[in-house]
Amino acid sequence: MAERICRALRDGALEGEHAPALTIKDSIQSPFGSLVFNHVLSQLSSFIVAQKSQSQGIVLVAFSRGPLYYEELFKSKGNDVASSNKWIRVLDCCTDPLGWRSKLMESGRIANLTLGTSTTASLYKNVKDLDKLLLAITELGKELVGDGKGRFVVAIDSVSEMLRHTSISSVAGLLSNLRSHDQVSCLFWLLHSDIHETKAIAALEYLSSMQVSAEPITRPVNGQRGNSVKLPFLEQNLRGGKIHVRFKRRNGRVRLMSEEFCIEQSGIKFTPISSEAEMIAQSLVPKVQFNLQLSEKERNDRAKVVLPFEHQGNGKTIQIYDGRKSLNEDKPEMQYTSAEKVQTVKDSGRGEIIYFRDSDDEMPDSDEDPDDDLDI
Amino acid sequence: MAGNKPRGSSFSRNFSAASNTISQIPGLKHGPNGTMFLSSGIPDLDKILGGGFTLGSLVMVMEDPEAPHHMLLIRNFMSQGLVHKQPLLYASPAKDPRGFLGTLPSPMLSKDEKSRDRDAEQEKGLRIAWQYKKYFGEQNSELQRDGKSEYCNDFDLRKPLERHFYSGQQIDCISLQDSADLTTFHDRCSSFLSQTPRNDRNITCAGRIAIQSLGAPQCDFSDKECDMLSFIRSLKSTIRSSNAVAVITFPPSLVSPAFSKRLQHLADTLVSVKAIPDEDKELAKLLTGYQDMVGLLSVHKVARINTQVPTILEATTFSMKLRKRRSLILECLNQAPVDGSTGSSYASSSSCSGSSKTGAIDF
């Protein structure tokens, strides 16, 4: 459920724990990851403005969409842009990620294009160097919340864009360093799952504590792509879809949840699953054994059973259990006599050889009388 | 024969007077076939493995990307080493591995252990109606709870380890993130292991190496699988000739299947942890005690050194529970009683995966 995720992000990290991290995944069949991202971002920003969350600010690392887009977004959601200086900083990695524009402007090749700048955005020109990026993010965060106990949220517009420029191991390093940073309250990022190798996706899932993947409501029946895909399916998938949430809880269990969403003018709306969706039962099939432990009552009952041929001794007549009744009075006596039979273990000061007979169908030795068992 | 055999073979080792000092070293005990054990920090795991981790062996833990249970194993392992004053080497992909030392659990006080003893005593009332009872010796000799130096402590995961356990201890912490390759780490391990060599003279102490998440994506060498394999191979051979145990956890989902298989074969003792889904009605019907479970632990291989006889365990999968949310216990999985009227739980549990909806072409 989307609300639950936003609340988990809002509550942030406990002392000494890694910050919760959310991966938002989508694919071409259901390309609404960015809308989910916007939704989470605006929810968190409203929590922060209302001062209900652990963090006091957001650092937005914008790779695929520029700061102007986000200004528009916040305006449309009703957040006050003027005061946004207090709670958001945008690290603009979209306008000039590799520094080419500024190089061209310096050499005079292109005219100095003044893009609309906002007070909250700072330009970052070196996306290949993730150490510097980490430093830039943390500095922006400290600018926002101060150096002490304040915490901030880190939102990464698209990790897919980051992976275009650098390797998965450096991206993973950046994300894990952010998670273990003292002042980061939570972080979330967007990922397009069908343009990366499975190894990269697995690595990012390993690092995140929650995953939301947007999927189409219905898949084409034949699995064929291209022209033979029926138009109604396409239309339906463009209007909405499902999100599947995997939530790694603190106690080590995994929570699976699903919700439907539909796209509207104002954005994205989440509704609980309406149809009787197929619940895929992922049973683990561990090798389960039957319960061999006894409860108290069973233990007592077992103690009352009279076993045949047990040393009942003491000159009494031997009582052979015939399966009909249980006898109580001989219980303490029997335990006492069998306890005497336990020999003390040989002392471990000397080595010795003890021979255990291997099989029962050997010829009986002369010193061993198989009738010794019976108490007759 | 019911119960545990007190000895594994017909021969018992002749322990000379000089080597009796070994039993006085806390944290080590003799095992079968001339091997020695040190404790894993989890009493149930020691019992399952037949005494503990064999000195000179390599223990691999396969992680589940969705649950942090391997950290419980590593924490207990490290704490046990500190309690027994054994030198410790810890490596992890975090930037500051020293911070992890603050999360190590503290041994539980003895008054909390009384509930354990009660269970042990009830087993002594085993009544056997035949003559072989006289061969049953002390089954529970490991459960001596009096005496300050126990072989294996029960750890309270809520209480951090007290400071006096850290002082004067040799604890090396290494971060794997910054190094481009494994050569420096390999040298550190070799120098650590040279402190506890195995020779005919008396053993003074045993060392512990804990490597967390080898192959995690943050490390630069994670895609150089050949390098990692040759590192593990040489570590295994060095460990064999020293008195130490190495516990290595790795995420099999993030490495190639061939590499994962190779690591599994390299391990002497192989254990895997698995997450369980939350509020899964199917599992709740299938297993008793589902509510308390936090995960599953499977034992795939148990180290057998100096012998050709494998250990065949009665059960390989155990449920991990936190008793009173404090200490880790491992229990056999027990199947909940099948409701005879529905009769469907067996059918649904026998399918490995896939939907419970039967298709048209399902047998």
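Please read these numbers as outputs of a predicted model, since none were measured by experiment. (Residues numbered from 1 in each chain as written. Chains lettered and ligands numbered in written order. Predicted model: local features only at pLDDT ≥ 70, side-chain atom pairs only at ≥ 80, totals over all residues. Heavy atoms only, no water.)

Chemist: Could you clarify how one ought to interpret the overall build of chain A in this entry?
Modeler: Helix and strand content of chain A: eleven helices and ten strands. For chain A, the proportion of its 376 residues judged to be buried stands at 41%. Sequence separation of 24 or more characterises 71% of the internal contacts of chain A that already satisfy a separation of 6 or more. Element-wise, carbon and sulfur atoms account for 52% of the exposed surface of chain A, whose accessible area totals about 21,600 Å². (Helix = DSSP H or I, 4+ residues; strand = E, 2+ residues; numbered from the N terminus. Buried < 20%, exposed > 50% of the residue type's maximum accessible area, 1.4 Å probe, protein only. Contact = heavy atoms within 4.5 Å. Areas by Shrake-Rupley, 256 points an atom, 1.4 Å probe, with all protein chains shown as cover.)

Chemist: Would you explain the overall build of chain B in this entry?
Modeler: The helix and strand inventory of chain B stands at nine helices and 14 strands. Within chain B, buried positions represent 52% of all 363 residues. Summed over all atoms, the accessible surface of chain B reaches about 17,600 Å², with 52% contributed by carbon and sulfur.

Chemist: What should I look at first to understand the sheet that holds strand S2 (residues 36-38) of chain B in this one?
Modeler: Adjacent strands of a sheet pair through backbone hydrogen bonds, lying either parallel or antiparallel. Residue and element names in this part refer to chain B. Reading across from one edge, S1-S2-S3 is the order of the three strands in this open sheet, with antiparallel pairing throughout. The open sheet has two edge strands, strand S1 (28-30) and strand S3 (53-54), and neither has a second partner. Where S2 lies against S3, two bridges are found, and the strand directions are antiparallel. Looking at S3, one finds that Leu38 is bridged to Phe53. (Pairing = 2+ DSSP bridges.)

Chemist: Got a minute to help me understand a negative patch on the surface in this structure?
Modeler: On the surface, a cluster of negative charge is contributed by Asp131 of chain A together with Asp178, Asp220 and Asp223 of chain B. Along the polypeptide, Asp131 of chain A turns up in helix H5 (residues 130-145). (Patch = residues over 30% accessible without salt bridge, like charges linked within 9 Å, V, L, I, M, F, W, Y side chains within 5 Å. Salt bridge = Lys/Arg side-chain N within 4 Å of Asp/Glu carboxyl O. Lys, Arg positive; Asp, Glu negative; His and termini not counted. Charge placed at Lys NZ, Arg CZ, Asp CG, Glu CD.)

Chemist: I keep staring at the pattern of salt bridges and nothing clicks. Help me out?
Modeler: Side chains that differ in sign of charge can pair as their charged atoms come close. All chains considered together, the criterion is met by 18 salt bridges over all chains. Across the pair Arg246 of chain A and Glu66 of chain B runs a salt bridge whose closest N-O atoms are separated by 2.7 Å. Placement of the pair is Arg246 of chain A in strand S8 (residues 240-248) and Glu66 of chain B in the loop between strand S4 (58-62) and helix H3 (69-83), with the two residues belonging to separate chains. By sharing partners, the salt bridges in this structure join Arg249, Arg253 and Arg255 of chain A together with Asp278 and Glu279 of chain B into a single network.

Chemist: Looking at this structure, I do not really get H3 of chain B. What am I missing?
Modeler: Along an α-helix, a turn takes 3.6 residues, which lines up residues three or four apart on a common side. All names here are of chain B. For H3, built from 15 residues, the straight-helix expectation of 21 Å at 1.5 Å per residue is met to within 8% by its first-to-last C-alpha distance of 22 Å. Buried residues dominate H3, accounting for 15 of its 15 residues. Looking one or two places after H3, you find Lys85, whose phi comes out positive at around 60 degrees. (Expected span 1.5 Å × (residues − 1).)

Chemist: Whenever I open this one, the confidence of the model for chain B confuses me. Can you help?
Modeler: Do not read the fine detail of predicted coordinates wherever pLDDT is low. All names here are of chain B. Confidence in the prediction of chain B, expressed as mean pLDDT, is 78, and 74% of residues score 70 or more. Mean pLDDT across the secondary structure elements of chain B bottoms out at helix H9 (residues 345-350), with 38, and peaks at S4, with 95. Ignoring residues within four places in sequence, the model shows residues 1-5, a span with pLDDT below 50, making three contacts including any to other chains. For this predicted complex, the interface confidence reaches an ipTM of 0.77, while the overall pTM sits at 0.75. (pLDDT = per-residue confidence, 0-100.)

Chemist: It is not clear to me how unusual backbone geometry should be interpreted in this structure. Could you clarify?
Modeler: As a rule of thumb, non-glycine residues mostly have phi less than zero, and peptide bonds are mostly trans rather than cis. Residue and element names in this part refer to chain B. For Asn33, which is not a glycine, the phi torsion comes out positive at approximately 60 degrees. In this structure, Asn33 sits in the loop between S1 and S2. Phi at Lys85 is positive, roughly 60 degrees, even though this residue is not glycine. The residue Lys85 is located in the loop between H3 and strand S5 (88-92) in this model.

Chemist: Would you mind showing me how to read the side chain of Ser55 of chain A here?
Modeler: For Ser55 of chain A, the location among the structural elements is in the loop between helix H2 (33-49) and strand S2 (57-62). What Ser55 of chain A contacts, discounting residues up to four positions off in sequence, is Ile48, Arg151, Phe152, Val153 and Ser185 of chain A.

Chemist: Can you help me understand the packing of aromatic side chains in this one?
Modeler: Each aromatic ring pair is summarised here by two numbers: the centre-to-centre distance and the angle between the ring planes. Using the criterion set out here, one finds eight aromatic pairs over all chains in the structure. Taken together, a centroid distance of 5.3 Å and an interplanar angle of 90 degrees make the contact between Tyr69 of chain A and Tyr70 of chain A edge-to-face. Among the aromatic residues, those joined into a cluster by ring pairs are Phe32, Phe261 and Phe270 of chain A. Just above the ring of Phe47 of chain A sits the side chain of Arg10 of chain A; from NZ or CZ to the centre is 4.9 Å. Above the ring of Tyr151 of chain B, the side-chain terminus of Lys29 of chain B is found at 4.6 Å from the ring centroid. (Phe/Tyr/Trp six-rings, centres within 6.5 Å; stacked < 30°, edge-to-face > 60°. Lys NZ or Arg CZ within 6 Å of the ring centre and 35° of its normal.)

Chemist: Explanation requested: the packing of helix H1 (residues 2-11) of chain A against H2 of chain A in the structure shown.
Modeler: Residue and element names in this part refer to chain A. Packing of H1 against H2 leaves a shortest axis separation of 10 Å and a crossing angle of 50 degrees. Compared by their axis directions, H1 and H2 come out oblique. Seen along the crossing, H1 lies across H2 with a hand that is right-handed. Two secondary-structure elements touch here, H1 through Ala2, Glu3, Cys6, Leu9 and Arg10 and H2 through His39, Val40, Gln43, Leu44 and Phe47. Each residue belonging to the contact of H1 with H2 can be placed in one class, and the counts come to six nonpolar, two polar and two charged. (Axes fitted to C-alpha atoms, helices over the stretch in contact; angles between N-to-C directions. Parallel < 35°, antiparallel > 145°, perpendicular 65-115°, else oblique. Left-handed = near helix turned anticlockwise from the far one by under 90°. Nonpolar A, V, L, I, M, F, W, Y, C, P; charged D, E, K, R; others polar.)

Chemist: It is not clear to me how the side chain of Ser160 of chain A should be interpreted in this structure. Could you clarify?
Modeler: Summarising the element assignment, Ser160 of chain A is placed in helix H6 (residues 159-165). Ignoring anything within four residues of it in the chain, the contact list for Ser160 of chain A reads Leu190, Leu191, His192, Ile195 and His196 of chain A.

Chemist: Just checking my understanding: could you explain the pairing of strand S8 (residues 171-175) of chain B for this structure?
Modeler: Consecutive side chains along a regular strand alternate between the two faces of the sheet. All names here are of chain B. The element S8 is largely enclosed, with a buried count of four among its five residues. Inspection of the sheet shows S5 paired to S8 by five bridges, in the parallel sense. Looking at the pairing, Leu88 lines up with Ile171 of S8.

Chemist: What exactly am I supposed to notice about the nonpolar core here?
Modeler: Note on soluble globular proteins: their nonpolar side chains tend to be buried together. Counting residues in each nonpolar core, the largest one holds 46 residues, and the members touching the most others are Phe53, Met78 and Leu297 of chain B. If you tally residues by element for this core, the top one is H3 of chain B, at eight residues. Every residue in contact with Met78 of chain B, bar those within four places of it in the chain, is listed here: Leu88, Tyr90, Phe100, Leu101, Leu104 and Ala210 of chain B. Of all hydrophobic cores here, the second largest spans 41 residues; its members include Val61, Leu174 and Tyr206 of chain A together with Leu254 of chain B. (Core = buried A, V, L, I, M, F, W, Y, C linked by side-chain atoms within 4.5 Å.)

Chemist: Can you walk me through the confidence of the model for chain A in this structure?
Modeler: All names here are of chain A. For chain A, mean pLDDT is 76; residues scoring 70 or higher make up 70% of the total. The low-confidence segment residues 276-285 (pLDDT under 50) makes 21 contacts with residues lying over four places distant or belonging to another chain. Note on residues 312-316: pLDDT under 50 across the span, and ten contacts to partners over four residues away in sequence or across chains.

Chemist: What is the right way to read the packing of helix H6 (residues 225-240) of chain B against helix H7 (residues 257-266) of chain B from this model?
Modeler: Between two packed helices, both the angle of their axes relative to each other and the distance between the axes serve to describe the pair. Residues and elements named next belong to chain B. As a packed pair, H6 and H7 sit with axes 11 Å apart at the nearest point and diverge in direction by 0 degrees. It follows that H6 is roughly parallel to H7 by the angle criterion. Of H7, the residues touching H6 (which contributes Glu225, Met228, Leu229, Ile232, Arg233 and Lys236) are Phe259, Arg262, Leu263 and Leu266.

Chemist: What is the right way to look at H6 of chain B in this model?
Modeler: Helix length check: H6 of chain B (16 residues) gives 23 Å between terminal C-alpha atoms against 22 Å at 1.5 Å per residue, within 8%. Packed against the buried residues of H6 of chain B are helix H8 (198-207) of chain A together with S4, helix H5 (183-193), strand S9 (207-211), strand S10 (244-250) and H7 of chain B.

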